[in-house]
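Spelled out from the first residue to the last, the chains are:
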Amino acid sequence: MALATSTSSYDLKNAVSSNRLRGLWRMMTGFRLKYLGATLSLALAATSKTVTYLLLRHYVDDVLGQGESAGTLLLIALGFVGLALFEGTFTFLSGRLAAQTAEGVVLRLRNYLFDHIQRLSFTYHDHSQTGELVQRSTSDVDALRRFFADQAIGVGRIVLLFAINLTVLLNLNWKLALFSVIVVPLIVLISVFFFKRVSKAYESYQEQEATLSSTLQENLSGVRVVKAFARQAYERDRFETDNWEKFQRGRQLLMMHSLYWPVTDILCGLQMLAGFFVGALMAINGTITVGTYMAYTGMVIWIIWPMRNLGRLIVQMSTGMVSYGRVTEIIEEEREPLTAGTYSPNGDLRGELVFQDVCFEYDSSSPVLKEISFRCEPGQALALLGSTGSGKTSLVNLLPRFYEYTGGSLTLDGVELSAYPREYLRQQIGIVEQEPFLFSRTIRENITYGVGRDVSQAEIEAAARAAAIHDVIATFPDGYDTLVGEKGVTLSGGQKQRVVIARTLLSDPRILILDDATSSVDAGTEGAIRAALEGLMQGRTTFIIAHRIQSVMIADLILVLDKGQIVQKGTHQELLAQPGIYREIYDLQTRIDIELEREVASVAL
Ligand code: CTP
Ligand code: MG
């Protein structure tokens, strides 16, 4: 890949500026030479156009009717052809360079955004909508592409055409030249007037488009819920309302454009007519030659026409500016530092954890964890039990530093956790998330996802066996090469969970966290996984979050959480011996189990 497009070598944060034009200029780093080349080619093309009119003037005034020779005529004809070729070549070159600039800048921007979004914090992703991020990385990036491809270069073209032709006209006859541009300041004023309004209208249009794509994305993800509740009509109405709003805003935007055109067209048309008329009078009076008049009628078009377009470009540029703002809002977000840390660990973790009055809250709302204190020796298994929302997931999410604890002290192998580099923690800590997620890739790719080395088939199978999923995979025709998700097989919730367990086991973490990892698995399979895990838990610190007493009773230490606080702490035997939530849950679950057995027995009879 070309160096200029590689994201690692370039930090787009430089391109964040309150001055949007400056920011856009910075975004072009590495491509400015190409852009200047494009502009220069334009200048050459524009100059040759003007020279063509001067040649015409020379032909009319000095050659025509002066007993022209065939040689002179041929020379002049060749001159016209040469100039046309010259102009064509440089117009082409300029277009090509401009396209390279725009596509190159945007290619890099897209790569950068993708990488950047992946590196933003969990907190950021908790609060941002996927649809909105997608829209900013596609539609807004595309608006920037248009900015670089058409608008930035277009402005250069217009300014050049204007400057060159006006200079020449001023030299031919300054009075006529000045008369021909009196309308220009008015057009600029009108453009600025529209620029402000179009910016606003476009911003609100893009916002609505983001809302719409969020709605679409959410409804696609939740299509099962919509169908299950037969809420299609309701969702359709909601979508239609949003879509109608977008239509309205789009119409308003177009209205602005369609108002701008006739106003400037009339102005430009009148200006040109007036210029032609006054020029003709001057030619009749003999103030200017016929050749000058002819050259003038050619050139004045290249002054007035670009001015009319300048307005359009200024108006269109406003969309680029708005999109620039929307894209840099993402770029501005701080990345989660992965490798930074005041402590540089070497080797593997032992897995000794000491929580001392650890407190935590998500963005300074109500506390989620309150003064959590416990210690866990290397290799111990620790279980968390508690009602939903009691803070179990939040607690284990602190360990790989997905979130930062807000109070107290949490040491890992004797070192404060906040001193560890995140990347190291995430390599050492394996977490089976509560909501399993698989990529639309093969099962093999999903299982080996976190391992940064080549793994043998035997290793993959061993992990799959431990997660009690090997037998299921073996029934698929393509085995481990079966595609998962949209283009392949659809796995059940429990199967997904087990693939994720296999993935985590394969990465051989020093600390293993199973967050409700067997919630979608039947009791029999859970027993099989538990038995396999017991062997794998040897030598590594393990956190088990589960709702079944049978899953947590094997732990060396059981914490019972309630509303973010530890209400009970001890081994299974200790907790059974004391009154409290643990014994209540135990009694409840054994009673259900006994009743179930009785039912099964009666059915069997
Ligand atoms: N919470 C939050 N922001 C998040 C995640 C959770 O504010 N990004 C809040 C939840 O609203 C909840 C509390 O944090 O009140 C604890 O959530 P969690 O740790 O996920 O609870 P669990 O004990 O894991 O609940 P469950 O058994 O349902 O998984
Ligand atoms: Mg949870």
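Residues numbered from 1 in each chain as written. Chains lettered and ligands numbered in written order. Predicted model: local features only at pLDDT ≥ 70, side-chain atom pairs only at ≥ 80, totals over all residues. Heavy atoms only, no water.

K.L.:
Any details on empty space enclosed by the protein? Residues and values, ideally.
P.N.:
Under the counting rule described, the total for this entry stands at two cavities of 30 Å³ or more. Space inside the largest cavity adds up to approximately 130 Å³. Lining the largest cavity are 13 residues, with Leu514, Thr518, Leu533, Ile544 and Ser551 positioned closest to its centre. Secondary structure elements with two or more residues in the lining of the largest cavity: helix 17 (523–537) and strand 8 (541–545). (1 Å grid on protein atoms, 1.4 Å probe; cavity = no way out; pocket = protein on both sides within 12 Å on 5 of 7 lines; lining within 4 Å. Points joined across faces, edges and corners; volume = space filled by probe spheres on them. Helix = DSSP H or I, 4+ residues; strand = E, 2+ residues; numbered from the N terminus.)

K.L.:
Lay out the site of ligand 1 in plain terms, naming residues and giving numbers.
P.N.:
Looking at ligand 1, there are 13 residues lining it, with Thr388, Lys392, Thr393, Ser394 and Gln434 nearest. Backbone polar atom of Ser390 to an oxygen atom of ligand 1: 3.2 Å apart, as the coordinates give it. Separating an oxygen atom of ligand 1 from a backbone N or O atom of Gly391 is a distance of 2.9 Å. Here ligand 1 loses 64% of its free accessible area of 610 Å² to cover by the protein chains. Per element, the largest residue contribution to the shell around ligand 1 is three residues, and it comes from helix 11 (residues 392–397). Classifying every residue of the shell around ligand 1 gives two nonpolar, nine polar and two charged. (Near = heavy atom within 4 Å. Polar contact = N/O pair within 3.5 Å; in protein donor to acceptor, adjacent residues only side chain to side chain. Areas by Shrake-Rupley, 256 points an atom, 1.4 Å probe, with all protein chains shown as cover. Nonpolar A, V, L, I, M, F, W, Y, C, P; charged D, E, K, R; others polar.)

K.L.:
Tell me what's going on with the coordination of the magnesium ion (ligand 2), and back it up with residues and numbers.
P.N.:
Surrounding the magnesium ion (ligand 2) are the protein donor atoms Thr393 (OG1) and Gln434 (OE1), which sit 1.8 to 2.3 Å from the metal. One end of the pair, Thr393, is in helix 11; the other, Gln434, is in the loop between strand 6 (429–432) and helix 13 (443–447), and 41 residues separate them in sequence. (Donors = N, O, S within 2.8 Å, 3.2 Å for Na, K, Ca; no water.)

K.L.:
I'd like a description of the sheet that holds strand 10 (residues 565–570), backed by residues and values.
P.N.:
With mixed pairing, six strands are arranged side by side in an open sheet as 6-7-8-3-9-10. Only two strands of the sheet have a single partner each, and these edge strands are strand 6 and strand 10. Each neighbouring strand pair of the sheet contributes to a mean axis angle of 15 degrees, computed without reference to strand direction. Bridge analysis of strand 3 (residues 381–386) against strand 8 gives four bridges, and the strand direction is parallel. Among the inter-strand pairings, Ala381 is bridged to a residue of strand 8, identified as Thr542. Contacts from helix 16 (residues 493–506) reach strand 6 and strand 7 (511–515), with the element oriented near 175 degrees to strand 6. (Pairing = 2+ DSSP bridges. Axes fitted to C-alpha atoms, helices over the stretch in contact; angles between N-to-C directions. Contact = heavy atoms within 4.5 Å.)

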